[in-house]
Amino acid sequence: MKVEAKLEFQTSTAPKTGADLLIELLLEEGVDTIFGYPGGAVLPIYDAIYRAKNSIKHVLFRHEQGMIHAAEGYARITGKPGVVIGTSGPGATNLVTGITDAMMDSLPLVVFTGQVARTVIGTDAFQEADIMAITTPITKHNYQVQSVADLPRIVKEAFHIASTGRPGPVVVDVPKDISSEILTEVVKDVNIHLPGYQPTYKPNPMQIKKLSESISKAKKPVILAGAGVLHSHASKELTAFAEKHQIPVVTTLLGLGAFPADSPLSLGMGGMHGTYAANMALYECDLLINFGARFDDRLTGNLKHFAPFAKVAHIDIDPAEIGKNVPTQIPIVADAKVALMELLKEAEKSPDCEKWREKLNQYKKDYPLWYELDPSGISPQWLIQAIHKVTKGEAIVATDVGQHQMWAAQYYTFNKPHRWITSGGLGTMGFGFPAAIGAQMASPESTVVAIVGDAGFQMTLQELSVIYERNLPVKIIIVNNSALGMVRQWQELLYDNRISESLLHTQPDFVKLAESYGIRGAKIDNQEELITSLPELMAHDGPVLIDCRVLQQEKVFPMIAPGKGLHEMIGVKPQ
C-alpha cells in the first residue's frame, strides 16, 4: 500500500534569517526545483524551506550522488541550472563526482553546500571539509559566503556564471552562522559586475568571411557537431547550414540529436565507437568545421592521425578549447547559434563536393553498423532497436557508462535535440538512472527511459524510492550481461583475454528489488518475450524496471584501440 506523506506548514512570525533570504533569492532566479539532502550545517536552510510553504519544490534523494546527477539531467533537458543543496563534510564531498561530471560536460549547476560556522572553520570541526579547495579545479567558480549582506550578489553571480558562456557548475559554500543569522537590512537589488568574465557571443566578421571562403573552395568538407550546438539551441541553424551547402555532418557522443540522424547528410557518431563513414570523413576531409566540440581523445584517437589533410575551423564559446588539442587554422570564438546565423548570411558559393558525398555514402552502404542476431538470447543491439521502435524514437534516453551506453548511442538514433543524456567526459557509472529522474521532472509529459548496465545501476539504485514516492513514470531497462561489459571487452581484446574481476557472479533479483520499493518489475531473457512484453511495459503509467538478460560475450564494434588513428578501426565487418 502506498503512503503519501504530507507536510503541514505552520505560519511563523520569527524574524527572517540568512536562510530565508537565500530561498527568496532562489525564487527570484526562477528556481522551481531543489535536489537536496539535509544535514546539520544546512538545518537553517531546511527550516527556511519549511517556512516557504509550497513556493518551491524540494526533492529528497537517498544519496548526494543521486541528487546531483538528477540535477544534471534536469539541466540537460531544461537548459536551466540544476540547483542542489547538501550539507557540510561528507554531504559536500559526496557531490564531488557530480560536480566534476558537470564541469567536463558543460552542464549548468548551482550547488549550495553547508559549512561549519565561520568561528570554527579551519579547526577540523565536526563534519568540516575544505570544499573550496576541493572544488576549485572542478568548478567554473566557487564562493564561500563571508557576510549575509553578500548573499544577493553571490547568488545572482552564481546563476549568471553557471548559465552563460560555456555552462558549468558553481559552488556556493554557506557557513551555518550565515544561514542562521537574523537579518536587519539587506539590499537585494544588485548589479552583476564581473570585468574578468565577459563571454564572447558574436564572432569576428573577418573570421566568418575567412571560413565562408574556405567552404567555397573545399572539395571534402565535413561538419563536426558537438554539445555546444545543443547548449546554444542551434540545431535548426546547423541543419539549415549543412543543407544549404550540402556538407556531411558527424556528431560527437554528446552532440547526438544536434543534427537529425535520418538526414542523408548524417554520417552518425564519430570516435572510438563511431561509424566507419564518420571516422573516415574526419580522417580524409580537407576542411573540418567544428561547432562546439572540444576534440577529446575518445573522438580524435591518435592526434597524429586526426584530420591530417584538413584545414581546421573551430567555433567555440570557450577560447581555451580552441587549439588546445588540435591545431586550428580558423579560430572563431563565439556562440554556435550566433556564428551559424552569421554564416548563413554569407553569399559565398557552396563547395563542389558531390563526389565526396558519393564516396561517404558508399562508405555508409559498404560498412554499416552490424551485429549478428542470435536467436538463443537477446542481442543488446537488437534490444536498443526494439526500444527505439516502441518509443518511436521520441523518448528521452539517459544512460550509464559502458557497452550499453555505446549501443544506445549507435542504435537509438535521434532526430530531435535534447533527447539524449549521458556522461561523456568523466564516464560516471551510476549516472543514468538518477539523471533520468531529473529529466522526467524537467519534462513530465515525456517518455523517459534509463538504459543502464547491471553494474552501474547498483551504484545509485536507492533512488528507486524517489520514483516510487513521486510516481515518476521512468522506465528502467537493465542491459544485464552479468559483467562490467566494457572492462571485459578490453580485457579480451587488449589484455590477451585475462578476465580479471570484471564478471559479476552474484546479482540481486532485480524484479524482487523493484517490487520491494513498490515498483513494477519484469525479467525478460528471450526475443519472443521482449517482442510481446515490451510495448505493454513501456505503456504502464508508472515506473517500471525491466531486467533484460542479454548475451554476455557481445562486444561494441567498430572500435579504435588506444593509440590508434581513426582509420585503424577494428570490427568494421563481421569476422
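It should be noted that the structure appears before, not after, this text.
About the cut-offs
- Residues numbered from 1 in each chain as written.
- Predicted model: local features only at pLDDT ≥ 70, side-chain atom pairs only at ≥ 80, totals over all residues.
- Heavy atoms only, no water.
- Helix = DSSP H or I, 4+ residues; strand = E, 2+ residues; numbered from the N terminus.
- Rg over C-alpha atoms; globule rule 2.2 N^0.38 Å.
- Contact = heavy atoms within 4.5 Å.
- Areas by Shrake-Rupley, 256 points an atom, 1.4 Å probe, with all protein chains shown as cover.
- Lys, Arg positive; Asp, Glu negative; His and termini not counted.
- Charge placed at Lys NZ, Arg CZ, Asp CG, Glu CD.
- Buried < 20%, exposed > 50% of the residue type's maximum accessible area, 1.4 Å probe, protein only.
- Polar contact = N/O pair within 3.5 Å; in protein donor to acceptor, adjacent residues only side chain to side chain.
- Salt bridge = Lys/Arg side-chain N within 4 Å of Asp/Glu carboxyl O.
- Phe/Tyr/Trp six-rings, centres within 6.5 Å; stacked < 30°, edge-to-face > 60°.

Okay, the overall build of the chain next. Along the backbone of the chain there are 23 helices and 18 strands. For a compact globule of 575 residues, the expected C-alpha radius of gyration is about 25 Å, and the chain comes in at 25 Å, within 12% of that figure. Along the first, second and third principal axes, the C-alpha atoms of the chain reach 75 × 60 × 40 Å. Within the chain, contacts between residues at least 6 apart in sequence are counted, and of these 77% link residues at least 24 apart. Accessible area for the chain stands at about 23,600 Å²; split by element, carbon and sulfur atoms hold 52% of it. Taken together, the 52 basic and 62 acidic charged side chains of the chain have centroids lying 6 Å from each other.

With respect to the secondary-structure elements, S443 resides in the loop between α18 (432–442) and β15 (448–453). Its relative accessible area of 17% is what places S443 among the buried residues. Looking at S443, its side chain comes within polar contact range of the side chain of S446, at 2.5 Å. For S443, the contacting residues outside a window of four places in its chain are I77 and I396.

Before going further, it helps to spend a moment on the pattern of salt bridges. On inspection of all chains with the given rule, the structure shows 23 salt bridges. A salt bridge links E469 to R62, with the shortest nitrogen-to-oxygen separation between them at 2.4 Å. Of this pair, E469 sits in helix α20 (residues 464–469) while R62 sits in the loop between β2 (57–60) and α3 (64–78), and the two are 407 residues apart along the sequence. Take R62: its relative accessible area is 28%, and that puts it in the partly exposed class. In this structure, R118 engages E181 in a salt bridge whose closest nitrogen and oxygen atoms are separated by 4.0 Å. Of the two residues, R118 sits in the loop between β4 (109–115) and α6 (131–135) while E181 sits in the loop between α8 (176–179) and α9 (205–217), which places them 63 residues apart along the sequence.

A few words now on the packing of aromatic side chains. Considering all chains together, one arrives at 13 aromatic pairs under this definition. Taking 5.2 Å as the distance between ring centres and 85° as the angle between the ring planes, the aromatic pair formed by Y276 and Y363 counts as edge-to-face. Separated by 87 residues along the polypeptide, Y276 in helix α12 (residues 276–284) and Y363 in helix α15 (residues 354–366) bring together distant segments of the chain. In this structure Y276 comes out as buried when scored by relative accessible area, which is 15%. Here Y363 falls in the buried class, since its relative accessible area comes to 12%. With a centroid separation of 5.6 Å and an interplanar angle of 75°, the aromatic rings of Y283 and F309 are classed as edge-to-face. A residue pair is termed long-range when its members are at least 10 positions apart, and Y283 in helix α12 and F309 in the loop between α13 (297–300) and β11 (311–316) qualify at 26 residues. Members of the aromatic cluster, connected to one another through ring pairs, are F35, F61 and Y74.

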